[in-house]
Structure formats: C-alpha cells, structure tokens
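# Secondary and tertiary structure notes
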Amino acid sequence: MTTLVFEGFYEPFSASAEPIDRTDALPVQDVDVPAVRLHEVGKTWRARPGQPSFSALTDVDLEVRKGSIVGVIGPSGAGKSTLVRLVNGLEKATSGRIELFGEDVTELSETGWRDVRRRIGMIFQHFNLLSSRTVFDNVALPLEIAGVDRAAIRSRVEGLLELVGLSDKAERYPAELSGGQKQRVGIARALSTEPAILLCDEATSALDPETTRSILALLKRINRELGVTILVITHEIPVIKDLCDEVAVIENGRIVESGSVFDVFTAPKHPTTARFVEDVTSVDIPSYVRDRVTAEAGPESSLLLRIRFVGEHATSPVVSRLTTTLGADVNIVAGKIEAIADRPFGTLLVAVPGSPPTGDAAIAALLTLGFRFEILGYVPAERIETECKPFGFPLVPENVHVA
Amino acid sequence: MSPELVRLILDATLETLTMVLVAASVGIGAGLPLGVFLATSRRGELFAAPTLNAVLGFVVNVTRSTPFIILVVAIVPLTRLIAGTSIGTRAAVVPLTIAAAPFIARIVEAAIREVDQGLVEAARAMGATPFQIVRKVLVPEALPGIVLGLTLAVVSLLGFSAMVGAVGGGGLGDLGIRYGYQRFMPEVMALVVAVLVVLVQAAQTLGDRLARRVNKRLRNA
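Thresholds, definitions, all that
- Residues numbered from 1 in each chain as written.
- Chains lettered and ligands numbered in written order.
- Predicted model: local features only at pLDDT ≥ 70, side-chain atom pairs only at ≥ 80, totals over all residues.
- Heavy atoms only, no water.
- 1 Å grid on protein atoms, 1.4 Å probe; cavity = no way out; pocket = protein on both sides within 12 Å on 5 of 7 lines; lining within 4 Å.
- Points joined across faces, edges and corners; volume = space filled by probe spheres on them.
- Helix = DSSP H or I, 4+ residues; strand = E, 2+ residues; numbered from the N terminus.
- Nonpolar A, V, L, I, M, F, W, Y, C, P; charged D, E, K, R; others polar.
- Polar contact = N/O pair within 3.5 Å; in protein donor to acceptor, adjacent residues only side chain to side chain.
- Contact = heavy atoms within 4.5 Å.
- Pairing = 2+ DSSP bridges.
- Axes fitted to C-alpha atoms, helices over the stretch in contact; angles between N-to-C directions.
- Buried area = accessible area lost by both parts, 1.4 Å probe.
- Salt bridge = Lys/Arg side-chain N within 4 Å of Asp/Glu carboxyl O.
- Domains from an automatic or database assignment.
- Core = buried A, V, L, I, M, F, W, Y, C linked by side-chain atoms within 4.5 Å.
- Buried < 20%, exposed > 50% of the residue type's maximum accessible area, 1.4 Å probe, protein only.
- Right-handed = clockwise from strand over helix to strand, strands pointing away.

Let's shift gears to the layout of surface pockets. The space that makes up the largest pocket amounts to roughly 1100 Å³. If you go around the largest pocket, you meet 31 residues; those closest to its centre are Glu91 of chain A together with Arg43, Gly44, Glu45 and Arg124 of chain B. Looking at the lining of the largest pocket, the elements with two or more residues in it are β1 (36-45) and α3 (110-117) of chain A together with α1 (3-40), α5 (89-113), α6 (117-125) and α7 (130-161) of chain B. Residues of the lining of the largest pocket, tallied by class, amount to 11 nonpolar, six polar and 14 charged. Space inside the second largest pocket adds up to approximately 370 Å³.

For Asn128 of chain A, the position within the fold is in the loop between β6 (120-124) and α4 (135-145). At a separation of 2.9 Å, a polar atom in the side chain of Asn128 of chain A contacts the main-chain carbonyl oxygen of Gly118 of chain B. With residues near it in sequence (within four places) discarded, Asn128 of chain A still touches Arg189 of chain A together with Asp116, Gly118, Leu119 and Ala122 of chain B.

Moving on: the sheet that holds strand β14 (residues 372-380) of chain A. All names here are of chain A. Pairing within the open sheet is antiparallel, and its four strands lie in the order β12-β13-β11-β14. Of all strands in the sheet, those bounded by a partner on one side alone are β12 (331-340) and β14. When strand polarity is set aside, the average angle formed by the axes of neighbouring strands in this sheet is 10°. Pairing of strand β11 (residues 301-310) with strand β13 (residues 343-352) involves eight bridges; the strand directions are antiparallel. Each residue of the ladder has a partner; that of Val310, found in β13, is Phe345. Contacting β11, β12 and β13, helix α10 (residues 271-281) runs over the sheet at an angle of about 110° to β12.

Further remarks concern the interface of chain B and chain A. Residue-level contacts link 21 residues of chain B with 25 residues of chain A. Area buried by chain B at its contact with chain A is led by Arg124, Met126 and Lys136 of chain B, which between them contribute 29% of it. Taken together, chain B and chain A are joined by three salt bridges. When the shortest N-O distance is used, the salt bridge between Lys136 of chain B and Glu144 of chain A registers 2.8 Å. There are eight residue pairs in polar contact (both at pLDDT 80 or more) connecting chain B and chain A. Sorting the residues of the side of chain B that touches chain A by element identifies α6 and α7 of chain B as the ones contributing at least two each. Its residues placed into classes, the side of chain B that touches chain A shows eight nonpolar, five polar and eight charged.

With that out of the way, let us pick up empty space enclosed by the protein. Any space left empty among the atoms is revealed by the rolling of a water-sized probe across them. Tallied over the full model, the rule gives five cavities of 30 Å³ or more. Gly121, Met122 and Ala190 of chain A together with Ala125 and Met126 of chain B are the residues nearest the centre of the largest cavity, which is lined by 13 residues in total. Of all elements in the fold, only β6 and α6 (179-191) of chain A together with α6 of chain B reach the threshold of two or more residues within the lining of the largest cavity. With four residues, β6 of chain A is the largest single contributor of residues to the lining of the largest cavity. When grouped by side-chain class, the residues that make up the lining of the largest cavity number eight nonpolar, two polar and three charged.

What follows is about the domain arrangement of chain A. Residue and element names in this part refer to chain A. For chain A, the assigned domains are domain 1 (3-279) and domain 2 (287-402). In this complex, domain 1 contributes 10 residues to the contact, which on the side of domain 2 involves 12 residues. With both chains or domains summed, domain 1 and domain 2 bury close to 840 Å², and 58% of this area falls on carbon and sulfur atoms. Among the residues of domain 1 in contact with domain 2, Lys241, Phe262 and Thr266 are the three that bury the most area, contributing 69% of the side total. Between the two partners, domain 1 and domain 2, sit one salt bridge. Mapped by element, the contributors of at least two residues to the side of domain 1 that touches domain 2 are α7 (209-226), α8 (237-243) and α9 (261-266). In terms of residues, the side of domain 1 that touches domain 2 owes the most to one element, α9, which gives four residues.

Soluble globular proteins: nonpolar side chains tend toward being buried together. Within the largest apolar cluster, 89 residues are counted, with the highest numbers of intra-cluster contacts made by Leu62, Leu100, Ile197 and Leu231 of chain A. If one sorts the elements of this core by residue count, α5 of chain B sits on top with 12 residues. Dropping the residues within four chain positions of it, Leu62 of chain A is found in contact with Val36, Arg37, Leu38, Val70, Val72, Leu83, Leu231, Ala248 and Ile255 of chain A.

Of the positions making up α6 of chain B, those classed as buried are Gly118, Leu119, Val120, Ala122, Ala123 and Ala125 of chain B. Tucked inside the fold, the buried residues of α6 of chain B contact α3, β6 and α6 of chain A together with α7 of chain B.

Quick look at the sheet that holds strand β9 (residues 246-251) of chain A now. All names here are of chain A. Strand order in this open sheet of six strands is β6-β7-β8-β3-β9-β10, and the pairing throughout is mixed. Each end of this open sheet is capped by a strand with a single partner; those strands are β6 and β10 (254-260). Averaged over neighbouring strand pairs, the angle between their axes works out to 15° when direction is ignored. With five bridges connecting them, strand β7 (residues 197-201) and strand β8 (residues 229-234) associate as parallel partners. Bridge assignment links Leu198 to a residue of β8, and that residue is Ile230.

The next point concerns the pairing of β7 of chain A. All names here are of chain A. In terms of burial, β7 is a largely internal element, five of the five residues being buried. Alternating positions in β7 separate into two faces, Ile197, Leu199 and Asp201 on one and Leu198 and Cys200 on the other, with burial throughout. Of the strand pairs in this sheet, β6 and β7 are connected by five bridges, and their pairing is parallel. When the bridges of β7 are listed, Ile123 appears paired with Cys200. Between the parallel pair β7 and β8, the chain is carried across by α7, and the sense of this crossover is right-handed.

Taken as a whole, this structure holds 28 salt bridges over all chains when the rule is applied. Between Glu63 of chain A and Arg37 of chain A there is a salt bridge, with the nearest N and O atoms lying 3.4 Å from each other. Of this pair, Glu63 of chain A sits in strand β2 (residues 54-64) while Arg37 of chain A sits in strand β1, and the two are 26 residues apart along the sequence. Relative accessible area serves as the criterion here: at 45%, Glu63 of chain A is assigned to the partly exposed category. Among the residues examined, Arg37 of chain A registers a relative accessible area of 21% and is labelled partly exposed. The structure contains a network of salt bridges with shared partners spanning Arg42, Glu45, Arg106, Glu109 and Arg113 of chain B.

Structure representation (structure tokens):
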C-alpha cells in the first residue's frame, strides 16, 4: 500500500529533518482520485426545544483535485465555515459522504479523525496563535502533538520559518507581530506536519489589501512548490480571482454554481455569482453617458457597445482593428482588463459614431472577429466628444500629473 | 519590645505561613484539576459530562457559601480523621484546604473559560487529544489569570487563617485575639496587623510579578 502523495514535496526544507513517520498515512489507491470529495453532504443542527432544526448545508457536492486550489465563496451565514470544518472533522455531516484521497471518512471515530487531522493543515481568520508561545513554539506545536522528537522539530521549524520569511522572529511572541506576520506563522504552523491539504478559513479577511496580496502569493507558492492541495473559503472575491483555480459559490447552504474560476467569472450563471463577479469584472456606463442612452438610433448618434475580451481575444487590438476595418473613429468610453486565474479578461465600452450605417458595420466586424459584445443603445455622438469642453481643462504641464 | 513578645510573634508568623502554604499547595493540587474539569465538562465541551459538572459545581458552591468559621466547626470529625487531632496548626490546615480548593477551582475555571475558543479549535484541527489541549493550550494560555487568582486565594487564606484560632490553630490571628483583645495588649494587636499587612503586600507583589512574567500578551503595551 502506498502512502500519502506528498512525500518529496518538502525536500527543500525537510532534507535535514527526520522524516515524519507516515506508515499510517491515508492510503492512495488511484493517482487521479480527488484530494477531497463531498458527495450530497448535508449538515442539520439539531432542534433545541422550541426552535426548528436548521440546515446549514444541503446536498453539497464538491471535488478538490489533488494539487489544485479551490475556493468556496458565499455571503456570511451561507455555510462556508461549516463546509470547511467537515473536511477535517471539526463538524460532522448529518448526511452524505466525505472522501479524502478516495478514503471514506464519513463514519470515522474521533480517534481516527485525530490521525487524519495531523495530515490536514488549517489556517484561520484570526490566526489562533497561542499568545503564551513564541513564534518558534507555535510552529512547533503540531509537531509536539504528533510526538516528533526535539531535534527533528528544530530543523523542521527553522525550515518553515525560512519559507514564510520569519526566521528573524523565531523568539518573538505573537503580540509583537503584525497581522500579516501572524498569518505567516499560522501558515508555517499549518504546514509543519507536511499536510497534503491546507484549509483556509477566511485567512485574509482580517488583513489589509496589501498584506492580503502577499499572503495569497505565499499560498500560491506553497501550492506550486510543495504541491499542497488548498481549499479556501472566503467572502472576498479578489481571493478567488488571484488565488484559486476553481470556485464554488455557496448560498443558503447550497452550492449554486461551480467551475473553473475563469469560466465562472467570465460567464456567471447564477445571480449570486453574478453579484460577486460584478465587483471585479463589470464596467458601468459612466453617468454622463448613461443618462442620454436611447434605445433608438438617431440620425447622428453613436452606437454604444460593451465588448468582452476573453482568452485569446483579450490581447487583440480591437479598437485599432475596428478603426481600420470601418475607416471610422471609435471612442473608448470606459474599460478595464483584469487577470483572472492568471488569464486576461477585459471589458471595453466603445461608442461608434456615424450610425446607423457605421454601427451596423461595426457589429458585423465584431461578429467576424469573434468578439463577445452587447449593444447597450445609442448616444448622440457629439455629446460624448464635447463632454470635456465645458470644464475648460487645458492640457498644460501643470495640469498633467504623472502617477 | 520584650524578647517574649518577639518570640510569640515569630512563632505565630511561622504557624500562619505553614498553614497558608500547606493549604494553598494542597488546594492548588485539588483545585487545579477540579477547575480544569469544571471549565471543560459542560455539554459539547472537551470532556463533556454535564451531570458530573453540575454535581461538582453544586458541591463547590455549597463549600463556598458556608461561612468559614462554621465550616471549621462543622468538619471537626473529618479533621480528626485526616489530621489525627482537631486542635492545633495541623488540624487547622484541614478546613483551610477545604475552603481553598473550591475557591481555587472557580478561579482556574474562570481563567480557562477566558481562553479564546479559536485556540481550542486550532489545537483540535492539529489532531490534539483533549488532554493535550488542556496541557499545551488551555493551562498555558490561562496561566496569567490563574497566577493572579492564586495570589487572591493566598491573600484570602491569610485572612481565613486568623479564624482558625477558634480551634486552637494558632497563628497571627489567634495571637492578636488572645493577647491583643482578651489581654488588653493593643501593641500586640497592632504588631499582628502590621505583620499581616507585610505578608499580604509580599504575596501580592510576588503574584503580580509572576503574572506579568508569564503574560506574553501585552509585550508592546
């Protein structure tokens, strides 16, 4: 029987350490078996007298491929925390089946779960570091619990602190660290027993955007370099966008949509998904244009289009192509390009003047070029072009600021 | 000050210290595990045993609500059984300990309940057993509170020890009553109070220092 997949993943810093005994590790029967698999899982809180029972999760199906980063996003109270705690047995499912590396753990005893938990790391929103222990001793705690001897603990903890960039803080106490540093300690601690799976429970929700980015980058590195499978739960869409490969959207205890981050972001199907995704991808019609948009084309109006750049189109020069194809000007009204799961996804609002004939030609051209776009309406052309004039904003050096 | 008086005071101080230290040590020995159990045995907790928790909680409350002087007299048979006598310093230690243990248990319980539940969850997520959680998380994290609480317990014991004169327990309180009050020697009374003030002050200072030393939470403050 083979032991858990993650042997060898930690060579960079475990080479000098005694390898942890994993003869009792989770068996892996099949290379393609998912790291985590929830099958029609439900969790109902038992009713207290005078209160109805409450379903935290209903029919949840979720698969986390080995080596992938999967995010579960949803509003607070959607059941995210319960979901992630099912994976390491901190909560028990009331129906359905839970598999880790193909092994059914649904009916595991508390003792059995303890062994499994030593192979699943977890980090928390509020870090949950022991205030009475130094950084070093916090990272050492899971190893002490697993009964690893002192010499092995020392070399492993030192390696981990190096990995998270906190070697110089080993003898400090958590109270002396910033939030980002505390989460780095949390990550080092979670990785100390060489887990195959890392669970992140709102791990960046208490951090500022800058620190969030550095923590996400660290998690990504851990996934790429150590091959740790990561399951993230969050209510922050940037976490999904910047970190995850796949996403599941959860609402009222049910998964309403799931798929690759790129697909879900570029073509959300469920309204909740659309609401989350909108923050990142949507480009609104600027207010000074929106008020004048009409459904019917006037004699001198511009056609207002929202063009989506997905995948290969994201980098193609649509404006210049339209200009050369049509021989007409194209006004850029608004736009942005985002990297989603490391792939570009852009939205551009353009106004094509001289419609209807030029507008129709533009639509034909876009169809030929294979762009996704929607027609938003028509705007009196000169109004857009002259919009800036009333402000009397001359382009002189003192008005130009280089950011 | 006559040498006899100095002797009396010294002997009484020694008796008081013996009673308090023995009662505190045995009280901690019994109160610490009892407190840990009380803090972790309600429904859904680490060592869930709601019935035993309720029973022990009740026993603790009964002991704590009995006025100490009544407790001293009420348990005389038990005292005789344990100490072999019902008078003297040896005997006085028994009611002192029985009063101290539940007090310390409640202090430990309160300190442990203050520990962030997130830490317990983190330890469970690491695969810790309930005993490991107590030893490596709950007690160390509650230690600053426990130390301060124990200081309070020791100071209270100094006060209680004055009452065991009722069973011939000796000590400073007994000296103060017999000489200072019954023999109209106010200077003995004043001296006894002065020594007690010094002892309380010393205990409190030591406790505060120790608590600050084990508290790593406010390093920057």
